[in-house]
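# Inside the fold
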Amino acid sequence: MIFATDAANNEARSYDHIEVRPLAGSLGAEVFGPGGTHLDVTRLGDDALAEVRLASVDHLVVFFRDQSLDLDSFSSFASTWGPYGDDPFVDGLESHPHVVKVVKEADEKVPLVFGGAWHSDWSFQAEPPAFTILYGHDVPDHGGDTLWANLYLAAQHLSPGLRATLAGLRAVHSPQKAYGAQATHNELVENMSIRYGDDAHLRRTQPILRRHPDSGRTALFVNWGYTESIEGWWPDESKALLDHLFEVSQHPAYTCRFRWAPGSIAVWDNRCTLHNPIADYAGQRREMWRITVRGEEPIPAEHP
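Residues numbered from 1 in each chain as written. Predicted model: local features only at pLDDT ≥ 70, side-chain atom pairs only at ≥ 80, totals over all residues. Heavy atoms only, no water.

### Structural notes on the sheet that holds strand 12 (residues 255–258)
Cut-off, in case you're wondering: Paired strands, in this sense, are two strands between which DSSP finds at least two bridges. Each helix corresponds to a stretch of at least 4 residues labelled H or I by DSSP, and each strand to a stretch of at least 2 residues labelled E; elements are numbered beginning at the N terminus. Note on geometry: axes are C-alpha line fits, over the in-contact stretch for helices, and angles between N-to-C directions span 0 to 180 degrees.
The strand order across the open sheet built from 3 strands is 12-6-14, with neighbouring strands paired in antiparallel fashion. The sheet is open, and its two borders are formed by strand 12 and strand 14 (273–277), each paired with just one other strand. Strand-to-strand twist in this sheet, taken as the mean axis angle between neighbours without regard to direction, amounts to 20 degrees. Alignment of strand 6 (residues 146–150) against strand 12, held across 4 bridges, turns out to be antiparallel. Bridge assignment links leucine 147 to a residue of strand 12, and that residue is arginine 257.

Here you go:
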């Protein structure tokens, strides 16, 4: 089985108001001003913003360096991507309820990190987030990178026969594993307010192959964090197929890795990516600000 892509998959187009530099052959790109100049996200005009949005469709996750944001300017930038999403199980800031502070202090005893598994944010919701936006407010001098995976490439990797089978299937998504009453690992995240148990029994089915509303492309829409079974299948059948789909979707050939620096921003499309923060910075402090942007009900892919 060959896992591979080529540079043309993530090639940048030419723009008038921004410059885009791909990060990997699979997905991801850094965004600058014309000629590689610094781009201030608080001063994006309509034309530049439209080009940034187009770049996000092409590259799935876009990054900005050397920003200097407070909570108000971060919220204002996020609002240009759409209305704020609903974030269950985690409390936002009192002053900015839509902002979740993802923090790990240097003196925490356990190296567990919030969200530390491959997942798509809140995929169990009726309208899962379209985008998540993360700002590096205080980051370690090394470690604490984040990985992303391209779910278009994962879908393309599958055989035509398997894609045809999946096109008629739905998977059950649930927060039970991450936030249910037995998810006591959340107690080890020492400096975040996480609620578990309440409403974690809720389940929702989503199409396994999902059509993106902007690109029209087909993405594999399952993830280890929240997808627990395939609707109408016996548990052993379901586990076998989901384990295979998880393996494909997380393969290194379909990923990119971003090294954070103070003032960096990542904006990623939850409809066609997975992400996974790396727990390799115990003993150092890391504080990120996170906002989700409301999406739409997943659209089944009609032609796999």
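From this point, the discussion proceeds with the structure in view.
### Details of the side chain of serine 264
For clarity, the threshold we go by: Residue exposure (1.4 Å probe, protein chains only): buried if accessible area is under 20% of the type maximum, exposed if over 50%, otherwise partly exposed. Identification of polar contacts relies on pairs of N or O atoms within 3.5 Å, with a donor-acceptor requirement for protein atoms, meaning one able to donate a hydrogen and the other able to accept it, and with residues adjacent in sequence counted only if both atoms are side-chain atoms.
Mapped onto the fold, serine 264 is located in the loop between strand 12 and strand 13 (265–269). On the accessibility criterion, serine 264 (1% relative accessible area) is buried. Of the polar contacts made by the side chain of serine 264, one reaches the backbone oxygen of alanine 261; its length is 3.0 Å.

### Some thoughts on the environment of glutamine 125
Filter applied, for reference: Whether two residues are in contact is decided by their heavy atoms: any pair within 4.5 Å suffices.
Relative to the elements of secondary structure, glutamine 125 occurs in the loop between strand 4 (100–104) and strand 5 (131–138). Other than its neighbours up to four places away in sequence, glutamine 125 contacts Asp86, Pro88, Arg204 and Gln206.

### Re the sheet that holds strand 11 (residues 227–230)
Strand-to-strand pairing in sheets goes through backbone hydrogen bonds, with the strands running parallel or antiparallel. Within the open sheet, the 3 strands sit side by side as 8-7-11. Their pairing is antiparallel. Sheet topology places strand 8 (204–207) and strand 11 at the edges, where each strand pairs with a single neighbour. Within this sheet the neighbouring strands show an average axis-to-axis angle of 40 degrees, counted without direction. Relative to strand 8, strand 7 (residues 170–173) is paired through 4 bridges, and the arrangement is antiparallel. Bridging across to strand 8, valine 172 finds its partner in threonine 205.

### What about the pairing of strand 2 (residues 29–32)?
Let me state the cut-off plainly: A crossover gets the label right-handed when its path from the first strand over the helix to the second runs clockwise, viewed with the strands pointing away from the viewer.
Side chains of strand 2 alternate between two faces, with Ala29 and Val31 and Glu30 and Phe32 buried alike. Where strand 1 (residues 19–22) and strand 2 come together, 4 bridges link them in antiparallel fashion. The residue of strand 2 that forms the bridge with valine 20 is valine 31. In this antiparallel pair of consecutive strands, strand 1 and strand 2, the connection spans 6 residues, and glycine 28 shows a positive phi of 95 degrees. Note that strand 2 and strand 3 (residues 61–64) share 2 bridges and pair parallel. Note that in strand 3 the partner of alanine 29 across the bridge is valine 62. The parallel pair strand 2 and strand 3, bridged by helix 1 (residues 46–59), forms a crossover whose chirality is right-handed.

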